[in-house]
Amino acid sequence: MLLLFGLNWGLKGQEVINILRTNESIYDQALYGKSTLLRGDVKIEYGGSILTSDEVLVKDQNAGFEATKNVNINQGDSLFLKGDKATYTSATKVAVVRNNVELEDKDLFLNGPQLNYNRALSEAYYIDRSRIRIKKNNDFIESNFGHYYSLRHLLMFTDSVIYEAEDFTMSGNDLSYNTTNELISYTTGATTIRKSDSSIFYSLKAQYYQQTHEAYFYGNVVAFNDGLEFEADSVYYNDSTNIALAYNHIEMQDSINEWILLAPYAENYRDNDSVSIPYRSEMIMLNGNDSIHLFSDSLSIYGSNNAKTILAKGNVTLNGKQFKGVCETLIYQQIDSTITMLSAPVLWQDSSQIVGEKIILTLGEDGVKNMYIPRESFITEKVGTGLYNQIKGRELTAYFVDGKMNNIIIKGNGQSIYHAFDEGKDASGKIQRKYIGVNQSECSDMEIVMRIDEGGVASIKFLTKPENSLTPAAIIKASDSFFLKEFSWLADKKPSLLNDQSNFEWLFYPKIATKNIPLKDLEQDKN
């Protein structure tokens, strides 16, 4: 057995390969040309790196070497590289390690079928699917192609990239990871994040700061969580506080509570199951065959599933097939399916206008079931030019059939003005109306029956002794006025769904465009 120590090959100016140990050294030009084969417990040093292997072929003129069997490379006790085979070229200072490759430094551990390592630049890359474990957080990254810039503390991956953490998994086509600030970035192609709580995020670009637990999503963002799906241009999400902020072109759909929300900006507080929108938005409440469109300057949704509360404030408008309304504040309680309209509420159904101190609607499967006005109730119906049927009282309760008012009960301080017409058909069969006169009544309690098919008042039943007066049409003067105190015809305030939607810039609000979150510098704070 031949042992050689301290031998070196190399011309002046070239990288020197020092043989520190070997069991056997063979120089056979017939077999190896001008190269030398080292066999058995080989240890060599080149450029500050140490290689051990069972067998090493040192190339002529110090051009490099080929190592086979149990290859181990140690660079400055800070990087360790293993494999079955290794080829090193002195001119490029690139080592190619193949089969059962393992690389380890202070930041990570990598294994795969092949790894190229540039010793001069302290950079490594692979072109076959490999897996990396990040030591700091014990997360894993897999990809078909990868590049590790050791001095810059930066990893870059392409093609079928998967990032696995304890509480989430990210997948996409292009990922970078900064080992200093733990910033994960998917910069091109679709990105998917699946969290351990079953929530899912999709976007064209994404970033995640593990140190601060902050995520940024950009471009066609779609998220799913516990029956809630939303889309937006960009989303910020804090994993520690469970707060999500969505920006521009927002569309939320809640399949459990059956509503759709359109807004330019939204805040989602997951710990208390709430959504807050400080800008004008549109909510579409799905109720049986009807869809109620709710517009407001601000909107809050809170509470658990099937017990949600919706609070709308500022220029509130309601638009549905069965009714329309306006107010300044609206509260919807899902647990009892009630809509409470506050602050100057006005409601319209068919030709009837309804006002009160507050209006409470109870919804059923087929629309509105009943309506309750505890104080200052007033119903008005226009029946002709300058002619209005009016019913006023302290407390009002209305019952609906197929979403239309069927009968109304007035309790306390009941008053009414009713214009009577005689209807008939002329010779051609066309309906003609002849004005008879006006009936004015005062009665503490009364019941009004509505015309279901045509809308409007069909009859009034007085439940206590009324005081009535009838003024025939023949003696009514042009100067006569028939209006109850506090009469007000508010047709100009009646909302139009088409008008509301055309004036609603929910897609993009320029005044909050600056809140679109810019992409972070991948290498910031690396020191």
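In short, a report on the structure. Here the structure is a predicted model, which means the values were calculated and not measured.

A short note on the layout of surface pockets
The computed volume of the largest pocket comes to approximately 460 Å³. Along its surface, the largest pocket is lined by 26 residues, and Ala344, Pro345, Val346, Val355 and Leu490 are the ones closest to its centre. Secondary-structure elements contributing two or more residues to the lining of the largest pocket are strand S28 (309-319), strand S29 (324-333), strand S32 (352-355) and strand S35 (377-384). Taken together, the residues that form the lining of the largest pocket break down as eleven nonpolar, seven polar and eight charged. Of the volumes computed, that of the second largest pocket is approximately 340 Å³. Asn257, Glu258, Leu286, Tyr332 and Gln334 are the residues nearest the centre of the second largest pocket, which is lined by 17 residues in total. Going through the elements one at a time, strand S25 (281-287) and strand S33 (359-364) are the ones with two or more residues in the lining of the second largest pocket. Considering every element that reaches the lining of the second largest pocket, the biggest residue donor is S25, with three residues.

Looking at unusual backbone geometry
Unusually for a residue other than glycine, lysine 93 sits at a positive phi of about 60 degrees. Take lysine 93: its relative accessible area is 28%, and that puts it in the partly exposed class.

Topic: the nonpolar core
Grouped together as the largest cluster of nonpolar side chains are 101 residues, with contacts concentrated most on Tyr163, Leu294, Leu330, Ile339 and Met371. With five residues, the top contributor of residues to this core is strand S21 (residues 228-238). Aside from chain neighbours lying at most four places away, what touches methionine 371 is Leu347, Ile354, Ile359, Ile360, Leu361, Leu396, Thr397, Ala398, Phe400 and Met405. In this structure, Val326, Val355, Val438 and Leu484 belong to the second largest nonpolar core, which totals ten residues.

Considerations on the pattern of salt bridges
If you walk through the whole model with that rule in mind, you get 14 salt bridges. Between glutamate 142 and arginine 131 there is a salt bridge, with the nearest N and O atoms lying 2.5 Å from each other. Taken as a pair, glutamate 142 in strand S12 (residues 139-143) and arginine 131 in strand S11 (residues 130-134) lie far apart in primary sequence, eleven residues in all. Judged by relative accessible area, which is 24%, arginine 131 ranks as partly exposed. Close ionic contact of glutamate 357 with arginine 375 constitutes a salt bridge, the shortest N to O distance being 2.6 Å. Placement of glutamate 357 in the loop between S32 and S33 and of arginine 375 in the loop between strand S34 (367-373) and S35 is noted, with a sequence separation of 18 residues between them. Of the residues examined, glutamate 357 reaches a relative accessible area of 32% and is grouped as partly exposed.

Conventions and cut-offs
- Residues numbered from 1 in each chain as written.
- Predicted model: local features only at pLDDT ≥ 70, side-chain atom pairs only at ≥ 80, totals over all residues.
- Heavy atoms only, no water.
- 1 Å grid on protein atoms, 1.4 Å probe; cavity = no way out; pocket = protein on both sides within 12 Å on 5 of 7 lines; lining within 4 Å.
- Points joined across faces, edges and corners; volume = space filled by probe spheres on them.
- Helix = DSSP H or I, 4+ residues; strand = E, 2+ residues; numbered from the N terminus.
- Nonpolar A, V, L, I, M, F, W, Y, C, P; charged D, E, K, R; others polar.
- Buried < 20%, exposed > 50% of the residue type's maximum accessible area, 1.4 Å probe, protein only.
- Core = buried A, V, L, I, M, F, W, Y, C linked by side-chain atoms within 4.5 Å.
- Contact = heavy atoms within 4.5 Å.
- Salt bridge = Lys/Arg side-chain N within 4 Å of Asp/Glu carboxyl O.

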